[in-house]
Amino acid sequence: MLVLGIETSCDETGVAVYDSDRGLLAHTLYSQVKLHADYGGVVPELASRDHIRKILPLLDEVLESAGVLKQDLDGIAYTAGPGLMGALMVGGAMATALGFALDIPVVGVHHMEAHLLAPMLENNPPDFPFVALLVSGGHTQLVSVASIGDYELLGESLDDAAGEAFDKTAKMLDLDYPGGPVLAKLAEQGEIERFTFPRPMTDRPGLDFSFSGLKTFTRNLIDKHRGNDVLPDDQTIADICAGFQEAVVDTLVIKCKRAAIASGIKTLVIAGGVSANTRLRHKLEVVLKEEGVEVFYARHEFCTDNGAMIAYAGCQRLLAGQSNPLSISATPRWPLDQLSQPSSTDVLKESI
Ligand code: KG4
Ligand code: ZN
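Cut-offs applied
- Numbers given to residues run from 1 along each chain, matching the order in which its sequence is written.
- Each chain is given a letter, starting from A, and each ligand a number, starting from 1, according to the order in which they appear as written.
- Two thresholds apply to this predicted model, a pLDDT of at least 70 for residue-level local features and 80 or more for giving and counting side-chain atom pairs, whereas whole-chain, interface and lining totals are computed over all residues.
- Note that the side-chain values use all heavy atoms of the structure and ignore hydrogens as well as water.
- UniProt positions are given in the numbering used here, feature names are shortened, and annotations may be inferred rather than shown by experiment.
- One heavy atom within 4 Å of a molecule or strand makes the whole residue count as near it.
- Side-chain atoms alone can form a polar contact between residues adjacent in sequence; in general such a contact is a pair of N or O atoms within 3.5 Å, and within protein one must be able to donate a hydrogen while the other accepts it.
- The Shrake-Rupley method, run with a 1.4 Å probe, gives the accessible areas here. Residue values count only the displayed protein chains as cover.
- Going along the chain from the N terminus, every DSSP run of H or I of four or more residues is numbered as a helix, and every run of E of two or more is numbered as a strand.
- In this entry, domain limits derive from an automatic or database-based domain assignment.
- Whether two residues are in contact is decided by their heavy atoms, any of which lying within 4.5 Å being enough.
- Two parts placed together each lose some accessible area under a 1.4 Å probe, and adding up what both lose gives the buried area.
- The nonpolar core is taken to be a set of buried Ala, Val, Leu, Ile, Met, Phe, Trp, Tyr and Cys residues, with the residues joined through side-chain atoms within 4.5 Å.
- Each residue is assigned to one of three classes by its accessible area relative to the maximum for its type, calculated with a 1.4 Å probe on protein chains only: buried under 20%, partly exposed between the two thresholds, exposed over 50%.
- Keep in mind that water is not among the atoms, so a site may look incomplete; donors are the N, O and S atoms within 2.8 Å of the metal, or 3.2 Å for Na, K and Ca.
- For Phe, Tyr and Trp, where Trp contributes only its six-membered ring, two rings pair if their centres lie within 6.5 Å, and the inter-plane angle classes them as stacked under 30 degrees, edge-to-face over 60, or tilted in between.
- In this analysis the charged atom, NZ for Lys or CZ for Arg, is taken to sit over a ring once it is within 6 Å of the ring centre and within 35 degrees of the ring normal.
- For two strands to be treated as a pair, DSSP must find at least two bridges joining them.
- Note on geometry: axes are C-alpha line fits, over the in-contact stretch for helices, and angles between N-to-C directions span 0 to 180 degrees.

- An unreviewed UniProt entry annotates the protein as tRNA N6-adenosine threonylcarbamoyltransferase originating from SAR92 clade bacterium.
- Taken verbatim from the UniProt record of the protein, the Catalytic activity (unreviewed entry) comment is "L-threonylcarbamoyladenylate + adenosine(37) in tRNA = N(6)-L-threonylcarbamoyladenosine(37) in tRNA + AMP + H(+)".
- Heading Subcellular location (unreviewed entry) of the UniProt record for the protein holds this comment: "Cytoplasm".

Below is the structure:
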């Protein structure tokens, strides 16, 4: 089955073509980072308008590099939520119109389910069941995954998401937007031991997270080292980045280890933008190996938002016979554990 995937939930326009027999044929991505940089965060109305400008040229580009025609497509998948309403509507409208014109099924995909399945695009994909750590700009969740659509939420952030904590801390340090990867890069030059940040909620049982306290800790630290209203010196900033990153990584690692031991599941998947963080990948691999748990993640470009993961997730649901009526589905808030399994799991197994 040849499926077109469209991602427009936030500030990245991603389009991809996935074939259930041949794998990923092509994908392309346009990032709006520069557009939002002056504002220090995503401006929803600007995001929607830019998706409109970019989506058709990207569609032509991806079909050409996949070597297929629109008429060859068997189905279309688009991100139906969670995300920004206007941005979601652009991808939804495009997918629905195209599905109507080509008379092929269209399916609305859950953005976090797509992140969670992104490692399936790699050569050595994980087997079900697994525990997934979803760490993005809007979500921090530990999920027990029995199969596609069979999700049990084990724990989540009670306040800021891990990516949000990275971005807010970067903003306090006047780093470029989006802050997460910039902060991570600076942390490489910093001394981890110089400042000891708290590891929130690790001293009590449970699998929930809280990252907002780290913000306050960082703000106080910056104020302490600030002179005449200017930011601390470059080395101190790098040391703050290193200490902060280590605290977030340790907190995530402790909870992942706890979830793996409690569930007895020997496979852990990390997904979402923060799973691109090399320190997180490294520490998780080292610590979980001691417990006999193997860690899986997608290549860097499929950790952050992209069309390939939408095409893959949508293809699995389309293969099982699932599709949406020809009306645009956009659900800005959509809990992952409200999803259900696609109807025919036998068809699904064959395709993986
Ligand atoms: O999954 P994603 O692309 O978009 C959402 O669905 O939210 O995740 C974006 C988040 C941002 O908060 C970004 O700062 C963070 O992922 N991020 C990182 C890294 N790369 C992206 N955070 C820490 N280290 C990184 N290397
Ligand atoms: Zn995302």
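1. Thoughts on the site of ligand 1
Then step 1. Around ligand 1, a shell composed of 18 residues is seen, among which His-115, Gly-137, Asp-167, Gly-273 and Asn-277 lie nearest.
Then step 2. At a separation of 2.6 Å, an oxygen atom of ligand 1 approaches a polar side-chain atom of Asp-167.
Then step 3. With respect to ligand 1, the backbone of Gly-273 contributes an N or O atom lying 3.0 Å from an oxygen atom.
Then step 4. Protein contacts shield 86% of the accessible area of ligand 1, which totals 550 Å² for the unbound molecule.
Then step 5. Looking at the shell around ligand 1, the elements with two or more residues in it are α4 (111-117), α5 (162-172) and α6 (179-187).
Then step 6. No fewer than three residues from each of domain 1 (2-117 + 303-338) and domain 2 (125-297) sit in the shell around ligand 1.

2. A short note on the domain arrangement of the protein
Then step 1. You can read the domains of the protein as domain 1 (2-117 + 303-338) and domain 2 (125-297).
Then step 2. If you look at the interface, domain 1 gives 20 residues, while domain 2 gives 23 residues.
Then step 3. Taken together, both faces of the contact between domain 1 and domain 2 bury some 1,600 Å²; the carbon and sulfur share is 72%.
Then step 4. On the domain 1 side of the contact with domain 2, Met-112, Leu-116 and Cys-303 bury the most area, a combined 37% of that side's loss.

3. Brief notes about the nonpolar core
If you look at soluble globular proteins, the nonpolar side chains tend to sit buried side by side.
Then step 1. Leu-4, Ile-6, Val-17, Ile-76, Leu-116, Tyr-151 and Leu-336 are the most contacted members of the largest nonpolar core, which has 60 residues in total.
Then step 2. In terms of residue count, helix α10 (residues 307-319) provides more of this core than any other element does, eight residues in total.
Then step 3. Counting only domains with at least three residues in this core, you end up with domain 1 (2-117 + 303-338) and domain 2 (125-297).
Then step 4. With 43 residues, the next largest nonpolar core counts Leu-133, Leu-173, Phe-195 and Val-295 among its residues.

4. Quick look at the coordination of the zinc ion (ligand 2)
Then step 1. The protein atoms that coordinate the zinc ion (ligand 2) are His-111 (NE2), His-115 (NE2) and Asp-305 (OD), at distances of 2.0 to 2.1 Å.
Then step 2. Motif for the zinc ion (ligand 2), donor spacing along one chain: H-x3-H-x189-D. Residue His-111 and its partner His-115 are both found in helix α4; the two are separated by four residues, about one turn of the helix. Each member of the pair, His-111 as well as His-115, carries the same accessibility label: buried.

5. Description of the packing of aromatic side chains
Then step 1. Here the structure, examined in full by the defined rule, presents six aromatic pairs.
Then step 2. Centroid distance Phe-209 to Phe-211: 6.0 Å. Interplanar angle 15°. Geometry classified as stacked. This pair shows no difference in class: Phe-209 is buried, exactly as Phe-211 is.
Then step 3. Between the NZ or CZ atom of Lys-54 and the centre of the ring of Tyr-30, over which it lies, the distance is 4.1 Å.
Then step 4. Over the ring of Phe-209 we find Lys-255; its NZ or CZ atom is 5.5 Å from the centre of that ring.

6. Here's the deal with the environment of Leu-284
Then step 1. Tracing the backbone shows Leu-284 in helix α9 (residues 278-289).
Then step 2. For Leu-284, a relative accessible area of 0% corresponds to the buried category.
Then step 3. A sequence separation of 16 residues divides Leu-284 from Leu-268, and the C-alpha atoms of the two residues are 9.3 Å apart.
Then step 4. The contact partners of Leu-284, leaving out residues within four places of it in the chain, are Val-253, Cys-256, Leu-268, Ile-270, Lys-289 and Val-295.

7. Structural notes on the UniProt feature "binding site: substrate" (unreviewed entry) in the protein
Then step 1. The positions that UniProt labels "binding site: substrate" (unreviewed entry) are, in the present scheme, Leu-134, Val-135, Ser-136, Gly-137, Gly-138, Asp-167, Gly-180 and Asn-277.
Then step 2. One can find Gly-138 in the loop between β6 (130-135) and β7 (140-147).
Then step 3. For Gly-138, a relative accessible area of 53% puts it in the exposed group.
Then step 4. Structurally, Asn-277 can be placed in the loop between β9 (267-271) and α9.
Then step 5. The buried category is assigned to Asn-277, whose relative accessible area is 9%.
Then step 6. Aside from chain neighbours lying at most four places away, what touches Asn-277 is Phe-166, Ala-184, Gln-245 and Val-249.

8. Let's talk about the sheet that holds strand β10 (residues 294-297)
Then step 1. If you walk across this open sheet you meet the five strands as β8-β7-β6-β9-β10, and the pairing is mixed. Edge strands, defined here as strands with exactly one partner in the open sheet, are β8 (150-156) and β10. Strand after strand, the sheet turns through a mean of 25° between neighbouring axes, direction not considered.
Then step 2. In this structure, β7 lies alongside β8, joined through six bridges in antiparallel fashion. Note that in β8 the partner of Val-143 across the bridge is Leu-153.
Then step 3. Relative to β6, helix α8 (residues 234-263) is tilted by about 160°, and along the sheet it contacts β6, β7, β8 and β9.

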